[in-house]
Amino acid sequence: HSHSLDTYWESSHSGGPGKDGIPSIDDPRFWSAADGDRFLDDGDIVMGVYRNGEARAYPQRILVWHEIVNDTVGGDNLAVTYCPLTGTGMGFKRGETELGVSGRLVNSNMIMYDRESDSYWPQIPALAVHGPRKGQGLEEFRVFWTTWENWQDRHPETEVLSRRTGHARNYRRDPYGGYNPLNGYYEERSRPIMPTLEQSGHYPPKHKIFGFRTEDEAVAVNKPWLSDAGYAIHQGENGSYLILHDPGLETAWVYRGAEDDMPRSLNPDTIEFAPAGPKHEALEGLEEVNGFEAMWFAWHAFYPDTVILDGRND
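The rules behind these values
Residues numbered from 1 in each chain as written. Predicted model: local features only at pLDDT ≥ 70, side-chain atom pairs only at ≥ 80, totals over all residues. Heavy atoms only, no water. Helix = DSSP H or I, 4+ residues; strand = E, 2+ residues; numbered from the N terminus. Rg over C-alpha atoms; globule rule 2.2 N^0.38 Å. Buried < 20%, exposed > 50% of the residue type's maximum accessible area, 1.4 Å probe, protein only. Contact = heavy atoms within 4.5 Å. Areas by Shrake-Rupley, 256 points an atom, 1.4 Å probe, with all protein chains shown as cover. Lys, Arg positive; Asp, Glu negative; His and termini not counted. Charge placed at Lys NZ, Arg CZ, Asp CG, Glu CD. Phe/Tyr/Trp six-rings, centres within 6.5 Å; stacked < 30°, edge-to-face > 60°. Pairing = 2+ DSSP bridges. 1 Å grid on protein atoms, 1.4 Å probe; cavity = no way out; pocket = protein on both sides within 12 Å on 5 of 7 lines; lining within 4 Å. Points joined across faces, edges and corners; volume = space filled by probe spheres on them. Nonpolar A, V, L, I, M, F, W, Y, C, P; charged D, E, K, R; others polar. Polar contact = N/O pair within 3.5 Å; in protein donor to acceptor, adjacent residues only side chain to side chain. Salt bridge = Lys/Arg side-chain N within 4 Å of Asp/Glu carboxyl O.

Caption draft 1: Quick peek at the overall build of the protein. When helices and strands are tallied, the protein shows 6 helices and 25 strands. In terms of overall dimensions, the protein is globule-like: its C-alpha atoms have a radius of gyration of 19 Å, near the 20 Å expected for 314 residues. Each principal axis of the C-alpha distribution contributes one length, and for the protein these read about 55 × 45 × 40 Å. For the protein, buried positions account for 57% of its 314 residues. Considering only contacts within the protein whose residues lie at least 6 apart along the sequence, 62% involve residues at least 24 apart. Here the protein displays about 13,100 Å² of accessible surface, and carbon together with sulfur accounts for 43% of that area. Across the protein, the mean location of the 29 positive side-chain charges is 7 Å away from that of the 49 negative side-chain charges.

Caption draft 2: How the structure looks around the packing of aromatic side chains. Counted under the stated rule, the structure contains 18 aromatic pairs. Seen in terms of ring centroids, Trp9 and Tyr120 are 5.1 Å apart; in terms of plane orientation they differ by 55°. Their pairing is tilted. Of the two residues, Trp9 sits in helix H1 (residues 5-10) while Tyr120 sits in strand S10 (residues 120-122), which places them 111 residues apart along the sequence. The class for Tyr120 is buried, based on a relative accessible area of 11%. Between Tyr203 and Trp296 the ring centres are 5.2 Å apart and the planes differ by 85°, which places this aromatic pair in the edge-to-face class. Of this pair, Tyr203 sits in the loop between strand S15 (182-184) and strand S16 (208-213) while Trp296 sits in helix H6 (residues 296-302), placing them 93 residues apart in sequence. In this structure Trp296 comes out as buried when scored by relative accessible area, which is 0%. Chaining the aromatic ring pairs together yields one cluster made of Tyr82, Trp145, Tyr176, Tyr179, Tyr185 and Tyr186.

Caption draft 3: Local environment of the sheet that holds strand S12 (residues 144-147). If you trace the 5 strands from one edge of the open sheet to the other, you get S2-S13-S4-S3-S12, paired in mixed fashion. Every interior strand has two partners, whereas the edge strands, strand S2 (30-31) and S12, have only one. Inspection of the sheet shows S2 paired to strand S13 (residues 159-161) by 2 bridges, in the antiparallel sense. By the bridge assignment, Trp31 is partnered in S13 with Val160.

Caption draft 4: Focus on the pairing of strand S6 (residues 76-83). Counted residue by residue, S6 has 6 buried out of 8 residues, so it is predominantly covered. What sits between the antiparallel neighbours strand S5 (residues 68-73) and S6 is a turn of 2 residues, in which Gly74 has the positive phi angle 55°. Here S6 runs beside strand S7 (residues 88-93); their pairing, made up of 6 bridges, is antiparallel. Bridge pairing links Val80 to Gly91 in S7. In this structure, the hairpin formed by S6 and S7 is closed by a connection of 4 residues, where Gly87 is found at a positive phi of approximately 65°.

Caption draft 5: Focus on the sheet that holds S7. The antiparallel open sheet is built from 4 strands, whose spatial order is S5-S6-S7-S11. This sheet does not close on itself; its edge strands, each paired only once, are S5 and strand S11 (140-141).

Caption draft 6: Local environment of empty space enclosed by the protein. Summed over the entire model, instances satisfying the criterion amount to 1 cavity of 30 Å³ or more. Each pocket or cavity is described by its volume, and for the largest cavity that value is around 40 Å³. Every residue along the wall of the largest cavity is listed here: Tyr50, Phe144, Trp151, Arg154, His155, Leu249, Trp253, Ala274, Pro275 and Gly277. Here the lining of the largest cavity is built from residues that sort into 7 nonpolar, 2 polar and 1 charged.

Caption draft 7: Broad picture of the environment of Asn267. Positionally, Asn267 belongs in the loop between strand S20 (251-257) and strand S21 (272-274). Asn267 sits in the partly exposed class, given a relative accessible area of 39%. With 36 residues separating them along the chain, Asn267 and Tyr231 place their C-alpha atoms 8.8 Å apart. A polar side-chain atom of Asn267 sits 2.9 Å from the main-chain amide nitrogen of Asp269.

Caption draft 8: A look at the pairing of strand S8 (residues 99-106). Most of S8 is tucked away: 7 of the 8 residues are buried. Sheet topology note: the strand S1 (residues 13-14)/S8 ladder contains 2 bridges and is antiparallel. For His13, the partnering residue across the bridge sits in S8 and is Leu105. Sheet analysis places S8 next to strand S9 (residues 109-114), joined by 6 bridges and oriented antiparallel. Each bridged residue has a counterpart across the sheet, and for Val101 the counterpart in S9 is Met112.

Caption draft 9: Local environment of the pattern of salt bridges. By the definition in use, this model includes 18 salt bridges. Here Lys19 and Asp118 are joined by a salt bridge, their closest N and O atoms 2.7 Å apart. Of the two residues, Lys19 sits in the loop between S1 and S2 while Asp118 sits in the loop between S9 and S10, which places them 99 residues apart along the sequence. A relative accessible area of 41% means that Lys19 is categorised as partly exposed. A salt bridge links Glu159 to Arg56, with the shortest nitrogen-to-oxygen separation between them at 2.9 Å. Linking Glu159 in strand S13 with Arg56 in strand S4 (residues 54-59), this pair joins segments that are 103 residues apart in sequence. Residue class for Glu159 comes out partly exposed when judged on its relative accessible area of 30%. On the basis of relative accessible area, Arg56 is assigned to the buried category, the value being 10%. In the salt-bridge network here, residues are joined through shared partners; they are Asp20, Asp26, Glu98 and Arg115.

So this is what it looks like as structure tokens:
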């Protein structure tokens, strides 16, 4: 990240509702996939989670009203988080605490707080910027931004977060616009409505990139470019990265290793996408790196020095 933790906190501001004014879902209930089908259209966006053999889908149109689900999946206490203004679905191991919505934003990104220590964490950098745990990072796990149809194809036995949230909300209406079809705030060329610390015109503001970051650098991958290429190898500051396109979920997977561990060539058609992820001999011995989709303006606001992988040599 480019700015200090203090800068993030000092430049944060209220997004409107106060603390817990956007209520997290702390006692989630689930439907079967068949019941989910009655609520969701094929093209609706879900945040997918697969852990220890359990698959769950969290519909964007429920999350837009709650932003955080404190859940237990495959025996692990997890928080599935979604920030509507930055288009980011991210997952964190929460231990014995719960995460809540603080009502504050920085770079349009929601600031979460944990209910045990009352520390404050912007979602994208996932570092505490205020409170007793300031400077500590949250442990992430992979959340998949994909469509209901794609998620069901990969995980036919998935459960789906149900509308029985304990709150009265219109889960058929999105206050910001919609993803199916794309409209309103989510349209690529629409402007952010909140201030950001940095601006860039490299892509339209709401263009969705796939981003990952390490101790040394942040990397933004242009998804259409990766889709055409099938895979990419990035020689990073501290290791090499193999980035795979996943056509089934329309996302990417990232693996880190030494330069010598990278395949000389790879036929994307030979990669098998199992429920637990890609399978290929080229991946043996490589370490998976977490990544997630984000709106370009928000990724760049947190990581203005980001590497951009899109085939343009600039």
